[in-house]
Amino acid sequence: MKKFVYVLLVAALMLASIGTAAAAPNSAITCDQTVTVTAGDWLSKLAEKAFGTVTSYWAIMWATNQKNAEDSSYAKITNADALEVGQKLCIPSKADAEAFLKDFNPTRASDLAKLFASGAKGQLIVASWWTNGGEFAGLNQMFEQFKKANPDVEIVNAAVAGGAGTNFKGQLLSQLLGGVAPDTFQLHAGWEADTYNPGVLIVPVDEVYKRNNLEAVFPPTLLAMLKFKDHYWGVPVNIHRSNVLWYNKALLDKAGVTPPTTWDEFFAAADKLKAAGIAPVALGGKDGFELQHTFEDILAGSMTAEEYAGLWTGKTSWKSPKVTQALETFKKYLSYANADHDALTWAAATQLLIDGKAAMNIMGDWANGQFVAANFTDYGWAPVPGTKGIFVALSDSFALPAKAPSPANANLWLDLAGSKAAQEAFNAQKGSICARTDCDYSAFNAYLQSAAKDWTVDAIVPSVTHGAAATPSWATKGYADAIVLFATTGDVAAAQAALVQAAADAGFPQ
Ligand code: GAL
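Remember, predicted model here, so these are calculated numbers, not experimental data.

Engineer: An account of the overall build of the protein chain is requested, with residue identities and associated values reported.
Structural biologist: Along its length, the protein chain carries 21 helices and 17 strands. Computed over C-alpha atoms, the radius of gyration of the protein chain comes to 23 Å, within 12% of the 24 Å expected from 2.2 N^0.38 for 510 residues, which places it in the range of a compact globule. Across its three principal axes, the protein chain shows a C-alpha extent of roughly 70 × 55 × 45 Å. The buried share among the 510 residues of the protein chain stands at 57%. Here the analysis covers contacts within the protein chain between residues at least 6 apart in sequence; of these, 77% occur between residues at least 24 apart. In the form shown here, the protein chain has an accessible surface area of approximately 19,400 Å², with 54% of it arising from carbon and sulfur atoms. With 38 positive and 48 negative side-chain charges, the protein chain shows a separation of 1 Å between the mean positions of the two kinds.

Engineer: Quick rundown of the domain arrangement of the protein chain? Include the residues and the values.
Structural biologist: One can read the domain layout of the protein chain as domain 1 (2–106), domain 2 (122–237 + 396–431) and domain 3 (241–393 + 465–505). The straight-line distance from the C-alpha centre of domain 1 to that of domain 3 is 40 Å.

Engineer: Give me the sheet that holds strand β11 (residues 244–248): which residues, what numbers.
Structural biologist: As summarised here, the arrangement of the 3 strands in space is β12-β11-β13, forming an open sheet in which the pairing is antiparallel. Looking at which strands have only one partner, the edges of the open sheet turn out to be β12 (360–363) and β13 (379–383). Here the strands of the sheet are splayed against their neighbours by 25 degrees on average, with no regard to which way each runs. Packed onto the sheet, helix α16 (residues 366–373) meets β11, β12 and β13 and runs at close to 30 degrees relative to β11.

Engineer: Break down unusual backbone geometry for me, with residues and values.
Structural biologist: A positive phi angle, near 55 degrees, is found at N213, a position not held by glycine. Turning to its location among the elements, N213 is positioned in the loop between α8 (206–212) and α9 (220–226). Classification of N213 by relative accessible area gives exposed; the value is 51%. A positive phi is found at D230, a non-glycine position, where the angle reads about 70 degrees. With respect to the helices and strands, D230 occurs in the loop between β7 (227–228) and β8 (231–232). Take D230: its relative accessible area is 66%, and that puts it in the exposed class.

Engineer: How would you explain α16 if you had to name every residue and give the values?
Structural biologist: The buried fraction of α16 is high, at 6 of 8 residues. Residues of α16 that are buried include every one of W366, A367, N368, G369, Q370 and F371, and no others.

Engineer: An account of the site of the ligand is requested, with residue identities and associated values reported.
Structural biologist: Around the ligand there are 14 residues in total, and E135, H188, D396, K430 and H466 lie nearest to it. A distance of 2.7 Å is found between an oxygen atom of the ligand and a side-chain nitrogen or oxygen belonging to K430. Across the shell around the ligand, the residue classes tally to 6 nonpolar, 5 polar and 3 charged. Two domains each donate at least three residues to the shell around the ligand, and these are domain 2 (122–237 + 396–431) and domain 3 (241–393 + 465–505).

Engineer: Describe the state of the cysteines, and please don't skip the residues or the numbers.
Structural biologist: Covalent bonding between the sulfur atoms of two cysteines is what defines a disulfide. Taken as a whole and judged by the stated rule, the model has 2 disulfides. Paired through a disulfide, C31 and C90 show a sulfur-sulfur distance of 2.2 Å. Its torsion about the S-S bond being -110 degrees, the disulfide of C31 and C90 is classed as left-handed. Here C90 lies in strand β2 (residues 88–92) and C31 lies in strand β1 (residues 31–36), a separation of 59 residues in the sequence. An identical accessibility class is assigned to C31 and C90; each is buried. Residue C434 pairs covalently with C439 via a disulfide, S to S 2.2 Å. Between C434 and C439, the S-S dihedral sits near -95 degrees, and the bridge is therefore left-handed. We note that C434, like C439, is buried. When the cysteines engaged in disulfides are numbered in sequence order, the protein chain pairs them as 1-2, 3-4.

Engineer: Just give me the short version of the side chain of S397, but keep the residues and values in it.
Structural biologist: In this structure, S397 sits in strand β15 (residues 396–401). For S397, a relative accessible area of 1% gives the class buried. In this structure the side chain of S397 is engaged in a polar contact, spanning 2.7 Å, whose partner is the backbone oxygen of L187.

Engineer: Can you explain the nonpolar core? Please cite residues and give values.
Structural biologist: Buried together is how nonpolar side chains tend to be arranged in soluble globular proteins. F185, F398 and W413 are the most contacted members of the largest nonpolar core, which totals 113 residues. When residues in this core are grouped by element, the largest group, 7 residues, is from helix α3 (residues 57–70). Residues within four places of F185 in sequence aside, it is in contact with A127, F168, L172, L176, Y196, I202, S397, F398, A399 and P401. With 56 residues, the next largest nonpolar core counts A326, A359, M360 and A502 among its residues.

Engineer: Please give an account of the pattern of salt bridges that cites residues and values.
Structural biologist: Evaluated as defined, the whole model comprises 12 salt bridges. Note that E70 is salt-bridged to K67, the shortest N-O span being 3.1 Å. Of the two residues, E70 and K67 are both situated in helix α3; the distance of 3 residues between them amounts to about one turn of the helix. Assessed through its relative accessible area of 13%, K67 is described here as buried. Across the pair E192 and K169 runs a salt bridge whose closest N-O atoms are separated by 2.9 Å. Of the two residues, E192 is situated in the loop between β5 (184–188) and β6 (202–203) and K169 in helix α7 (residues 168–177); the sequence distance between them amounts to 23 residues.

Engineer: Kindly report on helix α6 (residues 133–149), identifying the contributing residues and their values.
Structural biologist: In a regular helix each residue adds 1.5 Å, so 17 residues correspond to 24 Å; α6 covers 25 Å between its end C-alpha atoms and thus fits that length. For α6, the full list of buried residues reads G134, E135, F136, G138, L139, M142, F143 and F146.

Engineer: How would you sum up the environment of P151? Please name residues and give values.
Structural biologist: Secondary-structure assignment places P151 in the loop between α6 and β4 (154–159). As a C-alpha pair, P151 and A120 span 31 residues in sequence and 8.7 Å in three-dimensional space.

Engineer: Which residues make up the sheet that holds strand β17 (residues 459–462), and what values go with them?
Structural biologist: The strand order β16-β10-β14-β17 describes an open sheet built from 4 strands, whose pairing is mixed. Bordering the open sheet on either side are β16 (433–434) and β17, each of which pairs with just one other strand. Two elements, strand β10 (residues 238–241) and strand β14 (residues 390–394), share 2 bridges in a ladder whose sense is antiparallel. Bridge pairing in β14 links R241 to A393.

Definitions and limits used
- Residues numbered from 1 in each chain as written.
- Predicted model: local features only at pLDDT ≥ 70, side-chain atom pairs only at ≥ 80, totals over all residues.
- Heavy atoms only, no water.
- Helix = DSSP H or I, 4+ residues; strand = E, 2+ residues; numbered from the N terminus.
- Rg over C-alpha atoms; globule rule 2.2 N^0.38 Å.
- Buried < 20%, exposed > 50% of the residue type's maximum accessible area, 1.4 Å probe, protein only.
- Contact = heavy atoms within 4.5 Å.
- Areas by Shrake-Rupley, 256 points an atom, 1.4 Å probe, with all protein chains shown as cover.
- Lys, Arg positive; Asp, Glu negative; His and termini not counted.
- Charge placed at Lys NZ, Arg CZ, Asp CG, Glu CD.
- Domains from an automatic or database assignment.
- Pairing = 2+ DSSP bridges.
- Axes fitted to C-alpha atoms, helices over the stretch in contact; angles between N-to-C directions.
- Near = heavy atom within 4 Å.
- Polar contact = N/O pair within 3.5 Å; in protein donor to acceptor, adjacent residues only side chain to side chain.
- Nonpolar A, V, L, I, M, F, W, Y, C, P; charged D, E, K, R; others polar.
- Disulfide = S-S within 2.5 Å.
- Core = buried A, V, L, I, M, F, W, Y, C linked by side-chain atoms within 4.5 Å.
- Salt bridge = Lys/Arg side-chain N within 4 Å of Asp/Glu carboxyl O.
- Expected span 1.5 Å × (residues − 1).

Here it is, written out as structure tokens:
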């Protein structure tokens, strides 16, 4: 229910972005109760308790935000799904809540504006899929810096839960096609820009690069990844690494295994862990990207960096025996994973490592952000077996929709996104390295320091699962569908044939 309510909220917030008129000033709010958030509280639960219906949480959000405008000891709720312990909430009287909700329609922009106090310089609607611990913590750092520099702009966090943007991208696209846009939104560097009809639904951000001299501070490899159809479509905040094997140190020690560097070592370690009664592998699947993600790393580890990169440019054939080998390895890997992977998000799989319930997990380094957010330090990392010296890369940027309600505020955000201060604060929490080359890593944790170093020496190849390597339809249909189906059937020949077909459909007959 919590997620459902949240997705509704987010969809509605994004609709609210049309002509974000400043919210009408509300007469003084009276709180019937003041509640301090404790662990396990969320808005819909509090609403049910106070008013008998979960959907009345809008009234608590409205009352608390209005109250915050006059008394900052009250919380400002920008993300209804991320209450923090200790936040002070205003629960209006049942009568006030009913009066508010009577005419409240969450799909009506003018009504949604009432949920937020108005900024003298309007709103900034930031859309992303960053709702998990480290992701939200990182984004929040940027919000803090933006608020400090622009206290008159009200930030609306229009995040849609779902790792890798599984839910976000489709929802955003239909809204953009319907003429509704946030002020800025999360966009992967590379082919993903093609999803949003560049030049029509999104506009180039070349000017942001020019005025901030960004071409001089981003590495050439990243700039090449970002430039699409001769323009830049997003300002990058980070570089993430896809091919990381994370492990719980105590569990590996307990089973007497050392971090594996080859697949033979990996499976031997997994057998030892199993024999010691420890679940060897934590795998997610619920967010709909984890399987494809794991397989891209296994692929990269089954051939040279150049051969892997060539899969996406027609230079390497998908008929290669190395692809067959990668599928065999993936099949074996799946046999060691938790059977309920389709029920777990990537964050839940990461949590299994944190909780000492599973030993190893392949995931991008947003997992590092999750460890930081959970104050968990007993973890180690290694390149996914076979990928030493290879950095499977992706980058998150912020784009500018053609119909951004407030391009002025969006541009302020884009300037901030490219800045050293924002990238240092954001990435230390997010688990990624800076897009900029001049960040000071001394305050970053040991993993990030090692990733920053690897970035400078490794062969950089693009992630397909996170927008960089292939056209959106190849990545999210051809390639993804073949892998998801393979995880169920285990039919190597059929999966390879489907991958060959997907490449052919993308314009690379094999
Ligand atoms: C990726 C994104 C990361 C991370 C991850 C899980 O696509 O680039 O920033 O958040 O999804 O949601």
